[in-house]
Amino acid sequence: MKLIHLYTNSFKGLSKESWMLALVMLINRAGSMVLPFLGVYMTAHLKFSIENTGIVLSFFGIGSVIGSWLGGFITDRIGEYKVQYISLLLSVPLFCLIPIFKTEVGVAAIILLQSIVSDAFRPANSVAITKYAKPENITRAFSLNRMAVNLGFSIGPALGGILSAISYDFLFYSNALAALAAGILYIIFFRKRNKLAKLKARKITEVVEIKKENSPYRDGKFLVYCFLCMLFAICFFQLFSTLTIFYKDTAQLSQQNIGYLLGYSGFIVVLLEMGLVQVAEKYLNLARTMFFGTFICGLSYAMLGFDYSILTLVFSMTLLSVGEIWALPFMSTITALRSGKNNKGAYMGLNGISFSIAFIVTPYLGTLIADKLGFTILWIGTGIVATGIAIAFYFIVPWMIKDRKEILE
């Protein structure tokens with residue numbers, strides 16, 4: 001009963017806007033079947049080599065870097081509302097164009113463009129979460145949004161595995177349809193609310209003088225933090241590239257079973273995230289939460305270097321899901337705490353860039369190590385690196401947040 005009470009309490013106090021942002025994200029991500037299967041699509045369907053597949057996937061990361069910077073830059077100037085609906089609606093035709101391209105250069109180009117448009121959404125969405133959530137509920141609002149992402153991610157890959165067995169084209173068209181539905185719903189719900197928020201902001205600026213705030217690109221401590229986030233993401237994001245190739249080629253899983261295993265990850269996050277975040281907020285500080293989350297993620301990969309039976313694969317995915325729950329939403333919270341009132345878009349954009357750079361590095365680096373040294377070295381090495389990152393987080397987070405409190409005072 002205490003566990004049930006803890007779980008139900010984790011949802012209390014969240015605004016209607018937070019719930020709607022999560023619903024929009026759920027619809028959008030339910031159609032996100034493309035990314036986990038891009039590596040398999042290029043190697044199995046388009047017959048690209050593993051090395052060339054890694055290079056092409058890196059263009060997704062390049063587009064993500066550009067999109068994250070552009071999204072953060074524009075959000076601080078025209079507002080998160082316009083950036084989000086423009087990103088969603090422009091994604092629709094771009095997803096439909098992907099199946100037309102069959103060469104490495106063509107696929108890299110369309111993935112680059114699609115990634116720029118899609119990832120401009122992320123910093124704007126993060127700003128919207130902080131905008132509509134109460135200060136004491138920011139982490140839970142981010143967790144609710146991530147829960148929606150993972151619920152969609154549990155549906156998408158499972159359905160994607162089935163659809164890809166029929167035709168890979170269905171993956172891209174389903175993504176386009178989901179982005180269109182999410183964009184329409186977002187516009188309908190937030191159009192009036194955005195106007196009211198603007199009027200309220202104008203009244204405040206008439207009374208309060210807005211101070212110019214520093215750029216995150218000149219915030220040394222935040223840059224160190226973002227570098228650690230990038231290293232963590234390089235380890236974690238193998239979930240979307242190298243891990244699926246490992247499942248297919250080494251563990252000999254079918255495309256449907258790969259989809260089910262990825263869907264299981266999303267299910268675990270949906271089931272446990274809000275409760276585990278509540279536990280972390282109650283019993284752990286930010287530094288310890290980041291340490292445990294990062295270490296557990298590394299452990300989940302390291303164990304694959306010793307065994308890849310189906311039970312081990314399921315247990316590893318369970319640990320990876322728990323680890324990300326105690327890492328990713330708190331990274332956004334730390335970024336929000338470090339930023340000011342008028343430069344949240346820039347801070348969220350810079351933190352997003354650290355993840356986007358990982359998208360560039362991870363596919364190429366992961367596939368290169370797997371090809372030259374084998375998956376065993378890749379997974380054990382990932383565990384060792386993640387442990388070092390976990391220790392670094394433990395020291396850098398209180399150093400950075402304490403400094404921010406001093407600035408506010």
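Residues numbered from 1 in each chain as written. Predicted model: local features only at pLDDT ≥ 70, side-chain atom pairs only at ≥ 80, totals over all residues. Heavy atoms only, no water.

Under an unreviewed UniProt entry, the chain has the name MFS transporter and belongs to Chryseobacterium luquanense. Per its UniProt entry, the chain bears the Subcellular location (unreviewed entry) comment "Cell membrane". (UniProt positions renumbered as here; feature names shortened; annotations may be inferred.)

Draft legend 1. Region of interest: the overall build of the chain. Within the chain one finds 17 helices and 0 strands. For the chain, buried positions account for 56% of its 409 residues. Considering only contacts within the chain whose residues lie at least 6 apart along the sequence, 87% involve residues at least 24 apart. Entry remark: accessible area of the chain is about 17900 Å², with carbon and sulfur atoms responsible for 69%. (Helix = DSSP H or I, 4+ residues; strand = E, 2+ residues; numbered from the N terminus. Buried < 20%, exposed > 50% of the residue type's maximum accessible area, 1.4 Å probe, protein only. Contact = heavy atoms within 4.5 Å. Areas by Shrake-Rupley, 256 points an atom, 1.4 Å probe, with all protein chains shown as cover.)

Draft legend 2. Looking closely at the packing of helix H5 (residues 80-97) against helix H7 (residues 121-132). Interhelical geometry of H5 versus H7 gives an angle of 140° and a closest axis separation of 9 Å. Overall, the two elements H5 and H7 adopt an arrangement that is oblique. Our pair here, H5 against H7, has a crossing hand that is left-handed. Contacts between H5 and H7 involve Glu 80, Val 83, Gln 84, Ser 87 and Leu 88 on the former and, on the latter, Phe 121, Ala 124, Asn 125, Val 127, Ala 128, Lys 131 and Tyr 132. (Axes fitted to C-alpha atoms, helices over the stretch in contact; angles between N-to-C directions. Parallel < 35°, antiparallel > 145°, perpendicular 65-115°, else oblique. Left-handed = near helix turned anticlockwise from the far one by under 90°.)

Draft legend 3. Summary view of the pattern of salt bridges. Inspection of the entire model under this criterion finds 4 salt bridges. One salt bridge in this structure joins Arg 193 and Glu 17, with 3.1 Å as the shortest N-O distance. Placement of Arg 193 in helix H9 (residues 169-207) and of Glu 17 in helix H2 (residues 16-30) is noted, with a sequence separation of 176 residues between them. Judged by relative accessible area, which is 17%, Glu 17 ranks as buried. For Arg 338, the salt bridge identified is with Asp 219, shortest N-O distance 2.8 Å. Taken together, the residues Arg 338 in helix H15 (residues 328-338) and Asp 219 in the loop between H9 and helix H10 (220-236) connect sequence positions 119 residues apart. The exposure class assigned to Arg 338 is buried, which follows from its relative accessible area of 4%. (Salt bridge = Lys/Arg side-chain N within 4 Å of Asp/Glu carboxyl O.)

Draft legend 4. Helix H13 (residues 286-302), seen in detail. Across its 17 residues, H13 extends 24 Å between first and last C-alpha, which sits within 8% of the 24 Å expected from 1.5 Å per residue. Those residues of H13 lying buried are Ala 287, Thr 289, Met 290, Gly 293, Thr 294, Ile 296, Cys 297, Gly 298, Ser 300, Tyr 301 and Ala 302. Among the residues of H13, the N-terminal cap falls to Asn 285, whose side-chain oxygen and the backbone nitrogen of Ala 287 are separated by 3.3 Å. (Expected span 1.5 Å × (residues − 1). Polar contact = N/O pair within 3.5 Å; in protein donor to acceptor, adjacent residues only side chain to side chain.)

Draft legend 5. Molecular detail of a nonpolar patch on the surface. On the surface, Leu 159, Ile 162, Ile 166, Phe 170, Tyr 173 and Tyr 260 cluster together to form a nonpolar patch covering roughly 590 Å² of accessible area. Relative to the assigned elements, Phe 170 resides in helix H9. (Patch = residues over 30% accessible without salt bridge, like charges linked within 9 Å, V, L, I, M, F, W, Y side chains within 5 Å.)

Draft legend 6. Broad picture of the packing of aromatic side chains. For the structure on display, the rule yields 22 aromatic pairs. Between Tyr 394 and Phe 395, the ring centres sit 5.4 Å apart and the planes meet at 90°, which makes this aromatic pair edge-to-face. On the accessibility criterion, Tyr 394 (34% relative accessible area) is partly exposed. Through a chain of ring-to-ring contacts, three or more aromatic side chains come together here, namely Tyr 81, Tyr 85, Tyr 132, Tyr 186, Phe 189 and Phe 190. The lysine or arginine in question, Arg 77, covers the ring of Phe 73, its NZ or CZ lying 3.8 Å from the ring centre. Between the NZ or CZ atom of Arg 193 and the centre of the ring of Phe 189, over which it lies, the distance is 3.8 Å. (Phe/Tyr/Trp six-rings, centres within 6.5 Å; stacked < 30°, edge-to-face > 60°. Lys NZ or Arg CZ within 6 Å of the ring centre and 35° of its normal.)

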